[in-house]
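# Coordinates in review
The chain contents come next:
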Amino acid sequence: MKKKKYSAWQGFVHALSLPEDAFVSQTHVELFGQKELVVSGARGILEYSEELVRIQTKERGIAVEGNELRVDMFMEKVMIVRGKIHAVLFE
Amino acid sequence: MLARLVNFFKGTVVVRLISSQCEQILNVLHRKGVDFWKLQRVDEQSVSVRIFEKDLSILKTICKRYHTDIEILDHRSAHIVYKKYRKRWGLLIGAAAMAVLMGVLSCFIWDVRVLGCDEKTTESEIIRQFEELGLGIGKHRYGLDVSDIENRFLMENDDVFWVSVNMRFTTAYIELREKTGKEIEIYDLTSPCDIYAARDGQIISMITTSGTPLVNVGDSVCAGDKLVSREYIDRYGESIIVHSIATIKAKTQRVIKSETPLTESVHTPTGKSKSFFALNLFNFKIPLYFNEKISYNNYDLTEGKYILKIGNFALPFSVFRRTYSEVEISNTEIEYERAKVIALADLSQQEKEQLFEAEIINKTIKEETVNGNLVLTAQYQCIENIAYTVGD
């Protein structure tokens, strides 16, 4: 089994039980109901259509499936996707 | 709203990217530090996106490199509006004059509204009283001492126990609460007084806090009898004069009458009506008619006032309308049962007003027809406080 990798800083934060989202730069994904998805730490758009938005983050890609999808904002690594969201997949 | 305003001043452009590799262009754009929003797919080969005006040159360079066509769909910017209207001096002066006028007008009160007004005082009466105190239409709103006006109004009106004046734009909202009759009684212990009977009755309980009781429980008293004397002999045998305080409950008889006519006058509109309009500019009334002569024998009068407003901002322009509608008045008989319902409702209202402090233990209603009127006479047996103070 592949061992889970932690960076030294991540291990230090983990050991001190500090909130990881505040001290480790990780992708932060928030879903507001079925209508809005906020991704902090987005690096780019891999694919965009009204049915599928694929977002590139530091660690992996995120695929958002739905209808009438639109990228409402992409500023300072924060991306907001709005529409009728059916699924969010981590690739 | 604020973001839209900022974007308007910074200038934004909606562009359509016509390419099969739109995503790639958008990623390059992001890496160059260009923010974008409202990304939407237009068709399979193109997307539309909104960017700041200053970033358009960067986008054009990228598109040139990737052999992509771009089309500007919308361009919103403060300087475009400025360029469009800079030579229209009349419009500019008009806008500036309007802004100044609105600024000046906002310093005055152009509408007064009364909230919480019940039956005791009418809305127009309150507006008139406040006008006398210095708060009315056309008054400068910043020069007013509102708390002083509120206090003076309260001192002049015993029926009102709380009042508050709030300004919202050019409208003054007067909110008041009228006394319900159950307010706490404040005794002035420095003024000596006796207690008398307010009405005939038989005393069933008596609590004397101050003064010398002259009657006992079970005694029958008449209205005007002295019940508690101000002269009090203290424990040392000395006579002192006090402010008498007592709660004397007695069994009393009360009668309330309600009269309802068995005929009612019906106003049937003939369809003819005349309206007279008047303009009110800066509190000056300008009639828009020469003479207000009415040829109708019988008419109903309706009045209306329409204040010109921009949102909640009342302007000093209003229109008064007075309409006279001709009617034919005829007397028709009303059903006995319907008259009884009206009379009972009136009786219940009078009961609420007159016996709100009394406990009703028995009630009998007698109905009779007198001179074409239905008369309901209600006799009540109540238990109530009959003490009332009489000072010097």
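Up top you'll find the structure we're talking about.
Fair warning: this is a prediction, and the values are worked out from it, not measured in the lab. (Residues numbered from 1 in each chain as written. Chains lettered and ligands numbered in written order. Predicted model: local features only at pLDDT ≥ 70, side-chain atom pairs only at ≥ 80, totals over all residues. Heavy atoms only, no water.)

Turning next to the overall build of chain A. In terms of helices and strands, chain A carries 2 helices and 6 strands. Listed by position from the N terminus, the elements making up chain A come as α-α-β-β-β-β-β-β. Here the analysis covers contacts within chain A between residues at least 6 apart in sequence; of these, 37% occur between residues at least 24 apart. Surface accessibility of chain A: about 5800 Å² in total, with carbon and sulfur atoms responsible for 54%. (Helix = DSSP H or I, 4+ residues; strand = E, 2+ residues; numbered from the N terminus. Contact = heavy atoms within 4.5 Å. Areas by Shrake-Rupley, 256 points an atom, 1.4 Å probe, with all protein chains shown as cover.)

The next subject is the sheet that holds strand E10 (residues 212-213) of chain B. Strand order across the open sheet formed by 4 strands is E10-E12-E8-E22 (chain B), with antiparallel pairing between neighbours. Each of the sheet's edge strands pairs with one partner strand only, and the pair in question is E10 and strand E22 (387-391) of chain B. (Pairing = 2+ DSSP bridges.)

Before going further, it helps to spend a moment on unusual backbone geometry. The phi dihedral of Lys77 of chain A is positive, around 65 degrees, even though this residue is not glycine. Considering the arrangement of structural elements, one finds Lys77 of chain A in the loop between strand E5 (61-75) and strand E6 (78-90). Judged by relative accessible area, which is 45%, Lys77 of chain A ranks as partly exposed. In this structure, His67 of chain B is a non-glycine residue whose phi angle is positive, near 50 degrees. Within the secondary structure, His67 of chain B sits in the loop between helix H3 (56-65) and strand E4 (69-76). (Buried < 20%, exposed > 50% of the residue type's maximum accessible area, 1.4 Å probe, protein only.)

Pairs can form between side chains of opposite charge whenever their charged atoms are close. What the rule picks out here adds up to 26 salt bridges over all chains. Through salt bridges that share partners, Glu36, Arg70, Asp72 and Arg82 of chain A make up one connected network. (Salt bridge = Lys/Arg side-chain N within 4 Å of Asp/Glu carboxyl O.)

Taken together, the 12 residues of chain B in the interface contact 17 residues of chain A. For the pairing of chain B and chain A, the buried interface totals around 1300 Å² over both sides, and the portion due to carbon and sulfur atoms is 55%. Linking chain B with chain A are 0 salt bridges. Inspection of the chain B/chain A interface yields 8 residue pairs in polar contact (both at pLDDT 80 or more). Contributing elements (two or more residues each) for the side of chain B that touches chain A: helix H2 (22-31) and strand E2 (36-43) of chain B. Residue contributions to the side of chain B that touches chain A peak at 6 residues, all from E2 of chain B. In terms of residue class, the side of chain B that touches chain A is built from 5 nonpolar, 3 polar and 4 charged. Both E5 of chain A and E2 of chain B contribute to a ladder of 3 bridges, which runs antiparallel. Each residue of the ladder has a partner; that of Phe74 of chain A, found in E2 of chain B, is Phe36 of chain B. (Buried area = accessible area lost by both parts, 1.4 Å probe. Polar contact = N/O pair within 3.5 Å; in protein donor to acceptor, adjacent residues only side chain to side chain. Nonpolar A, V, L, I, M, F, W, Y, C, P; charged D, E, K, R; others polar.)

Residue and element names in this part refer to chain B. This structure, assessed with the given rule, holds 1 cavity of 30 Å³ or more. The volume enclosed by the largest cavity comes to roughly 70 Å³. If you trace the largest cavity, you find it lined by Trp110, Ile137, Asn280, Phe282, Asn283, Lys305, Ile307, Leu315, Pro316, Phe317 and Ser318. Within the residue set of the lining of the largest cavity, elements represented by two or more residues are strand E18 (299-310) and strand E19 (313-333). For the lining of the largest cavity, the element with the most residues is E19, which contributes 4 residues. Taken together, the residues of the lining of the largest cavity break down into 7 nonpolar, 3 polar and 1 charged. (1 Å grid on protein atoms, 1.4 Å probe; cavity = no way out; pocket = protein on both sides within 12 Å on 5 of 7 lines; lining within 4 Å. Points joined across faces, edges and corners; volume = space filled by probe spheres on them.)

All names here are of chain B. At a minimum axis distance of 10 Å, the contact between H2 and H3 shows a crossing angle of 135 degrees. Between H2 and H3, the crossing angle belongs to the class labelled oblique. Between H2 and H3 lies a crossing of right-handed hand. Residues Ile25, Val28 and Leu29 of H2 lie in contact with H3, whose contacting residues are Leu59, Ile62 and Cys63. Tallied by class, residues from the contact of H2 with H3 come to 6 nonpolar, no polar and no charged. (Axes fitted to C-alpha atoms, helices over the stretch in contact; angles between N-to-C directions. Parallel < 35°, antiparallel > 145°, perpendicular 65-115°, else oblique. Left-handed = near helix turned anticlockwise from the far one by under 90°.)

Attention now moves to the environment of Cys222 of chain B. All names here are of chain B. By the element assignment, Cys222 lies in the loop between strand E11 (220-221) and strand E12 (226-229). Classification of Cys222 by relative accessible area gives partly exposed; the value is 43%. Expressed as a C-alpha distance, the spacing of Cys222 and Tyr196, which sit 26 residues apart in the sequence, is 9.5 Å. Look past the residues within four positions of Cys222 in its chain and what remains in contact with it is Ala197, Arg199 and Asp200.

Residues and elements named next belong to chain B. In spatial order, the strands read E5-E7-E6; together these 3 strands make up an open sheet with mixed pairing. Unpaired on one side and paired on the other, strand E5 (111-115) and strand E6 (160-168) mark the two borders of the sheet. Adjacent strand axes in the sheet meet at a mean angle of 20 degrees, parallel and antiparallel pairs treated alike. One ladder, built from 8 bridges, connects E6 with strand E7 (residues 171-178); its direction is antiparallel. Along E7, the bridge assignment pairs Met167 with Ala172. Running at roughly 125 degrees to E5, helix H6 (residues 123-133) makes contact with E5, E6 and E7 of the sheet.

The next thing to look at is the side chain of Ser318 of chain B. Its location among the elements puts Ser318 of chain B in strand E19. When residues no more than four places from it in sequence are discounted, the contact partners of Ser318 of chain B are Ala278, Leu279, Asn280, Lys305, Tyr306 and Ile307 of chain B.

A separate point is H6 of chain B. Residues and elements named next belong to chain B. Residues of H6 that are buried include every one of Ile126, Gln129, Phe130 and Leu133, and no others. Seen along its axis, H6 keeps its buried residues to an arc of 95 degrees; they face one direction. Of the exposed residues in H6, those oriented more than 90 degrees away from the buried face are Ser124 and Glu132. Where H6 is buried, its residues contact E5, helix H7 (146-156), E6 and E7. Phi turns positive one or two residues past the end of H6, at Gly134, with a value near 110 degrees. (Arc of directions from axis to C-beta.)

By size, the foremost hydrophobic cluster in this structure holds 33 residues, and its most contacted members are Ile55 and Val64 of chain A together with Leu17, Phe36, Leu39 and Leu59 of chain B. Ignoring sequence-local partners within four residues, the contact set of Phe36 of chain B consists of Ile45, Met73 and Phe74 of chain A together with Leu26, Leu29, His30, Val49, Arg50 and Ile51 of chain B. In this structure, Val114, Leu144, Ile149 and Ala172 of chain B belong to the second largest nonpolar core, which totals 16 residues. (Core = buried A, V, L, I, M, F, W, Y, C linked by side-chain atoms within 4.5 Å.)

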